[in-house]
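The lines below spell out each chain.
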Amino acid sequence: MARQQAQRTIHVDGQWREAVSGATREILDPADALPFAVVAEGDGKDTDLAVEAARRAFDAGAGDWPRTPVAERAALLRRVADLLARDREPLGLLESRDAGKTVEEGRIDIDCVADAFRYFADLVAAEGAGRVVDAGSPDIHSVVVHEPAGVCALITPWNYPLLQASWKIAPALAAGNTFVIKPSEITPLTTIALIDLLAEAGLPAGVANIVTGPGHTVGARLAEHPDVDLVSFTGGLTSGTKVAQAAAVTVKKVALELGGKNPNVVFADACSTDEAFDTAVDQALNAAFIHSGQVCSAGARLIVEESVRERFVAELAHRASKIRLGRGTEDGVECGPLVSEQQRAKVESYVASALEEGAVLRSGGKRPEPSAERPATGYFYEPTVLDQCDREMKVVREEVFGPVLTVETFRTEDEAVALANDTEYGLAGAVWTADAARARRVAARLRHGTVWINDFHPYLPQAEWGGFGRSGVGRELGPAGLAEYRESKHVYQNLAPRPVRWFAG
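Residues numbered from 1 in each chain as written. Predicted model: local features only at pLDDT ≥ 70, side-chain atom pairs only at ≥ 80, totals over all residues. Heavy atoms only, no water.

1. A short note on a nonpolar patch on the surface
Note the cut-off: Two distance rules govern patches: like charges are joined within 9 Å, and nonpolar side chains (Val, Leu, Ile, Met, Phe, Trp, Tyr) within 5 Å, applied only to residues with over 30% relative accessible area and no salt bridge. Areas reported here follow the Shrake-Rupley algorithm with a probe of radius 1.4 Å; residue values treat only the protein chains shown as occluding. One speaks of a salt bridge when a side-chain nitrogen belonging to Lys or Arg is within 4 Å of a carboxyl oxygen belonging to Asp or Glu. The way it works is that DSSP assigns letters per residue, a run of H or I at least four long becomes a helix, a run of E at least two long becomes a strand, and they are numbered from the N terminus. Relative accessible area decides the class of each residue, using a 1.4 Å probe on protein chains only: under 20% of the type maximum gives buried, over 50% gives exposed, and in between gives partly exposed.
On the surface, a nonpolar cluster with roughly 490 Å² of combined accessible area is contributed by V500, W502 and F503. Counting through the fold element by element, F503 comes out in the segment after strand 20 (486-494). Classification of F503 as exposed rests on a relative accessible area of 70%.

2. Observations regarding the packing of aromatic side chains
Each aromatic ring pair is characterised by the separation of its centres together with the angle its planes make. Our working definition: Each Phe, Tyr or Trp ring (for Trp, its six-membered ring) is paired with any other whose centre lies within 6.5 Å, and the angle between the two planes then decides the class: stacked below 30 degrees, edge-to-face above 60, tilted in between. Lysine and arginine charges are scored as sitting over a ring when NZ or CZ, respectively, is within 6 Å of the ring centre and within 35 degrees of the ring normal.
For the structure shown, the criterion picks out 8 aromatic pairs. On the basis of an interplanar angle of 85° and a centroid distance of 5.9 Å, the ring pair of F277 and F312 is categorised as edge-to-face. You can see F277 sitting in helix 10 (residues 274-289) and its partner F312 sitting in helix 11 (residues 309-321), a full 35 residues away along the chain. Of the two residues, F277 and F312, neither departs from the other in class, the shared state being buried. Look at W452 and W465: their rings are 6.3 Å apart centre to centre, the planes differ by 45°, and that puts the pair in the tilted class. With W452 in strand 18 (residues 450-453) and W465 in the loop between strand 18 and strand 19 (472-473), this pair connects stretches of sequence that are 13 residues apart. Overall, W452 belongs to the buried group, its relative accessible area being 6%. Ring pairs connect the aromatic residues W167, W452, F456, Y459 and W465, which therefore count as one cluster. Over the ring of F277 we find R311, and its NZ or CZ is 3.6 Å from the ring centre. Here K394 stacks its cationic end above the ring of Y350, 5.2 Å away from the centre of that ring.

3. Considerations on unusual backbone geometry
The general pattern is negative phi for most residues beyond glycine and trans for most peptide bonds. In this structure, D13 takes a positive phi of about 55° despite not being glycine. Mapping D13 onto the fold places it in the loop between strand 1 (10-12) and strand 2 (15-17). When its relative accessible area of 34% is taken as the criterion, D13 is described as partly exposed. The backbone of H291 sits at a positive phi, close to 50°, despite the residue not being glycine. Its location among the elements puts H291 in the loop between helix 10 and strand 13 (301-305).

4. Topic: the pattern of salt bridges
The final tally for this structure, using the stated rule, is 44 salt bridges. Ionic pairing is found between R25 and E41, a salt bridge with its closest N-O pair at 3.0 Å. Of the two residues, R25 sits in strand 3 (residues 24-29) while E41 sits in the loop between strand 4 (34-40) and helix 2 (44-60), which places them 16 residues apart along the sequence. For E200, the salt bridge goes to R86, with nearest N and O atoms at 2.8 Å. Here E200, found in helix 7 (residues 189-200), pairs with R86, found in helix 3 (residues 70-86); they are 114 residues apart in sequence, far enough to count as distant. A relative accessible area of 46% means that E200 is categorised as partly exposed.

Structural measurements only, silent on function.
Below is the structure:
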């Protein structure tokens, strides 16, 4: 992406343009803190223009996307999936540089994005003409149909830029909506690329609009805008609360996918053999340290049965210390940098507070030594294991969003469940046990939107994703993820109308 071309990153009514103010922002590579792209820095004026375009496209657009036959909408989504597969390598590399993750993670993300587009294409194409409602009379034809919600504001985070965008864009388009998307101002590049792919696939002008810029201007304006019918936000609890408050004034539909403080519960019987022990430790590492822990569903709370705690934590800390940190584009690197200096400083403050409150550092807890693959200017931080933690500690209660794993212990099943549920969040969690009956019992009692048994992190586009408590409102993916972008309408037809005679006159 050339420097001058990159500045035209606001897409309104089918045209790329600069910000009204002319402002720009440098995009930094988190591996060395050096700029490698420049984007337009939009504000409220740009946002208003984008919403106006989306409104026109929805109400009377030349392409008439809301009334385009379902089969045609599904076909376009499949074309987008094919284009993503075609561009897998450059998009995966761009996601790696932008967000700091490894290239392999970037490639996997692109595969998952394509899967999301294909899933929602298949889902909407398989639907019927509506749900017939039995009114109890052959003279009444009653049906519930689904229509697009309207103009959608989509606000996405920095950790999985394109994946989170696809979870919103694919169902929004499948349902027949138009949209304005605001990607994170620090990782916008692959979302910008996706807008080009939508146009290449044949999406009419004005249906897809993007405004690059900060949350306090672009995001805030989208949330409050009277011509926006729905706002879907993925990000932190504080920002999500502000979005909900702003959206409440115009009573628009709101979907919020917020944070998590996710328990990974390990019973002793899950470690009864060397193979089982190795698997549980390996999965605990994956749960906590994939993408440097910058995952809303990261298994940042290890809750392990007391009888195996010391052996488990010792091995976990040993393996964590061996994780190879470096630039995500380098071969053999297993974990990249944090996304920004601000994020690293936040992680460091949480580790410092944990140690002050009595946690025991078992590994990590500092910036690594610089090397050829870890420039001193990069935002690297060692995978950190904190032992002897408890629920009173800030690091256990609050979402760190970094490579920090806390360890708590339990003796009984009831105690394990109580610890796992003792959080204001409820996004995801896991239970590890060789006892199938116990696995089912614990899974049923966990107040989390996704529960894994003897696994961690996999998701399916056909299964709903979202959380209990302060982890959010609504669901993404699955049939419910499509329903978020729709309104239900009941059409009641009297086939044999006649006078009611309620009023005598």
